[in-house]
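Observations on chain architecture
Okay, here's what each chain looks like letter by letter:
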Amino acid sequence: MSSELLVVGHELRCGYDAESVVLDGVDIRIERGEVVTILGGSGSGKSTLLKTLGGLLPPLAGTVELFGEDLYAVDDARRAELLQRTGTLFQHDALFGSMTLRGNVALPVEQLTDLPDEIADRLADTKLDLVELAHLAERFPSQVSGGQRKRAALARAVVLDPEIVWCDEPTSGLDPITAARLDHSLLHLRDVFGLTIVAVTHDVESVRTIADRAIVVGCGAILAEGTVTELEQSELAGVAEFFHRVELERTSWQPEHRT
Amino acid sequence: MHCPAMRVHVEQHGGTAAIGLAGNVTRNDGRELVTLFRKLAKRHRLRAVAVDFADVERLDSAGALAITFGCQALADAGKGCELLHLSDPHRAALEMFESAPATPEPPSRHGSVERFGERARGAMLAILGMIDLVGRTVRAIVRGLFGRQRLEIGRTVEQAVVIGVDALPIVALLGALIGVILSFQSGYQLQKFGAEVYMAEIVGLGMAREFGAVITAVILAGRSGAAITAELGTMRVNDEIDAIESMGIDPVGLLVVPRVVGLTLVQPLLSLMSTAVGIAAGIGVSYMIGIAPRAVFYRMQEALVIDDFALGLVKSVLFAWIITFTSCFMGLRTRGGAHGVGTSTTRAVVASIVLVILVDSMVTTVWTVTHVQ
């Protein structure tokens, strides 16, 4: 794996305004080819951090370097160019209801390239095929299930082979089998395209499947980072508590579902 | 990293062409590659093309697909295409398109007879759905009056205020403008025959019987009807209405009845106000075109009877029902996200206005036939 740094967050203060700072003093570095997950409870600021890194929410203080350039210091045109090298999978899929799945996936190709229409459609179909949705290409988002919408949104996020994919709660609202398929799709795309994936989640099972490295946020800061195994064995306050709560949740409902 | 642009070198020796690719072959290069391959496919003496990937750094899927299309174009022209020195990532990117299904042909469209049949069936289902909604609304009101269902008085008052009070300025303005237009058009024409005082009939009867009610209905269809459809449609696509039903609450009683009753209460009042303002504006204009306002006023007192205002009020109640039932019906049957909400809203406004004009013409015809000796 190359050690090229793609994302560097330095002394970040994240939030929507000065009165609602959710993370402060955050330093984060993400290398090419890594799958990094950001873990934390509800309201811990993990999605806010993802938006800040992904160019959607300027930090209140600090800098974000994306591909070696200060994302929020460059002009709008340059920022757009940098962001075109990334893709985003939104928590609620953010597909356009007026377009078919193929139309949704082909949209970035049509808007950002001068490729002929037949190549744009074929590219969209191929990406839909990668997430096992080619047979539903003519359907509208309202005509498919939540898991299928998520996978279509993933196909759209990767249609132009971004170098980084930001995933906000990719498996939220999905049943375990569908969630596992989405994780599989992410890993498959990582293997094929050498993607760097940054995913925010509270699904520890998903983290175990996909993550090279995990970062736990809470109490307004990064509490710990490392492999999932390391973090699960951590004695640090906040980290141990987070995994303990997750384990408690898991063991409290699993037997009920198995009987 | 970033990002040496693609460089292409083409050489032809006899029947074989060698394409040397270098740098990053990406989405920005797809069109150029396809064009190059298609040109090569047209060369008569060419039998095969060899594409050398030795100096390619990055090959994205759009670039790989362009090469796949290019090789296909060569194959279609009976020429060979060989890919040399592929690295594993390049090979993986190209193989992706070998296994992917081709884009299917769009399904064939139905003929005109089938389309007409589908539309007729859709219209019939819409009429039945509307009748069902009216029935459920009447039932909910009756059950509410007899205490068997909660009567949403607070919501009804809220709707009456939102629909009625907030629309006062625009209804008054348009009523006045219609009065002005009627006065100018009729006054000048009648002056030619020395019959200018009869503009009182045209303005008075026109506003009381027709324009007061119709113009109010058109405004409310565009303003309040669209808002009702958009609100209910958004609730539908966000599963909020399913949530109401799942709680065992009647969505018609909760959402439709307050809007129907609210508009039924305020629309006649708005129509009356529109009529009054229109008549006042017409009398004002008569002064401007040299007709004594007092004469026009007295003439109106003689010409207008209570039945004329009653006709306007009856129409306004009918229009209120048309607008609310159409808007609620379109909102409740919305499907398909933001696009569906937009489509339903447009349909609701158009259908409301068409039905208002249609019913107006029918009522006017019946009234005229039965009241004019």
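The coordinates are above.
What this report covers is the structure whose coordinates are included nearby. Bear in mind the structure is a predicted one, so any value in this text is a computation, not a measurement.

**Remarks on the interface of chain A and chain B**
Opposite the 29 residues of chain A that make contact, chain B presents 24 residues. Here chain A meets chain B over a buried area of about 2,500 Å², counting both sides, of which 57% is carbon and sulfur. Taken as a group, I119, R122 and D161 of chain A account for 23% of the area that chain A buries against chain B, more than any other trio of residues on that side. A salt bridge links R31 of chain B to D114 of chain A, with the nearest nitrogen and oxygen atoms 3.9 Å apart. On inspection of chain A and its partner chain B, the count reaches six residue pairs in polar contact (both at pLDDT 80 or more). Of all the secondary structure elements, the ones that give two or more residues to the side of chain A that touches chain B are α4 (117-130) and α6 (176-193) of chain A.

**Notes on the packing of aromatic side chains**
Residues and elements named next belong to chain B. Taken as a whole and judged by the stated rule, the model has two aromatic pairs over all chains. Seen in terms of ring centroids, F184 and Y188 are 6.2 Å apart; in terms of plane orientation they differ by 15 degrees. Their pairing is stacked. A residue pair is termed a helical-turn pair when its members lie 3 or 4 positions apart in one helix, as F184 and Y188 do in helix α6 (residues 168-191) at four residues. Their ring planes at 55 degrees and their centres at 6.1 Å tell us that F297 and Y298 sit as a pair that is tilted.

**Description of the nonpolar core**
Residues and elements named next belong to chain B. Within the largest apolar cluster, 70 residues are counted, with the highest numbers of intra-cluster contacts made by L21, F53, L59 and I67. Here this core gets eight residues from one element, more than from any other, and that element is helix α2 (residues 61-76). If we skip the residues at most four places from it in the chain, F53 touches L21, L59, I67, L83, L84, H85, L86, H90 and L94.

**Details of the packing of helix α7 (residues 199-237) of chain B against helix α9 (residues 251-288) of chain B**
Residue and element names in this part refer to chain B. α9 packs onto α7 with a crossing angle of 145 degrees between their chain directions and a minimal axis gap of 7 Å. Like other packed secondary-structure pairs, α7 and α9 cross with a definite hand, here right-handed. Among the residues forming the contact of α7 with α9, the class breakdown is 15 nonpolar, 10 polar and two charged.

Calculation notes
Residues numbered from 1 in each chain as written. Chains lettered and ligands numbered in written order. Predicted model: local features only at pLDDT ≥ 70, side-chain atom pairs only at ≥ 80, totals over all residues. Heavy atoms only, no water. Contact = heavy atoms within 4.5 Å. Buried area = accessible area lost by both parts, 1.4 Å probe. Salt bridge = Lys/Arg side-chain N within 4 Å of Asp/Glu carboxyl O. Polar contact = N/O pair within 3.5 Å; in protein donor to acceptor, adjacent residues only side chain to side chain. Helix = DSSP H or I, 4+ residues; strand = E, 2+ residues; numbered from the N terminus. Phe/Tyr/Trp six-rings, centres within 6.5 Å; stacked < 30°, edge-to-face > 60°. Core = buried A, V, L, I, M, F, W, Y, C linked by side-chain atoms within 4.5 Å. Buried < 20%, exposed > 50% of the residue type's maximum accessible area, 1.4 Å probe, protein only. Axes fitted to C-alpha atoms, helices over the stretch in contact; angles between N-to-C directions. Left-handed = near helix turned anticlockwise from the far one by under 90°. Nonpolar A, V, L, I, M, F, W, Y, C, P; charged D, E, K, R; others polar.

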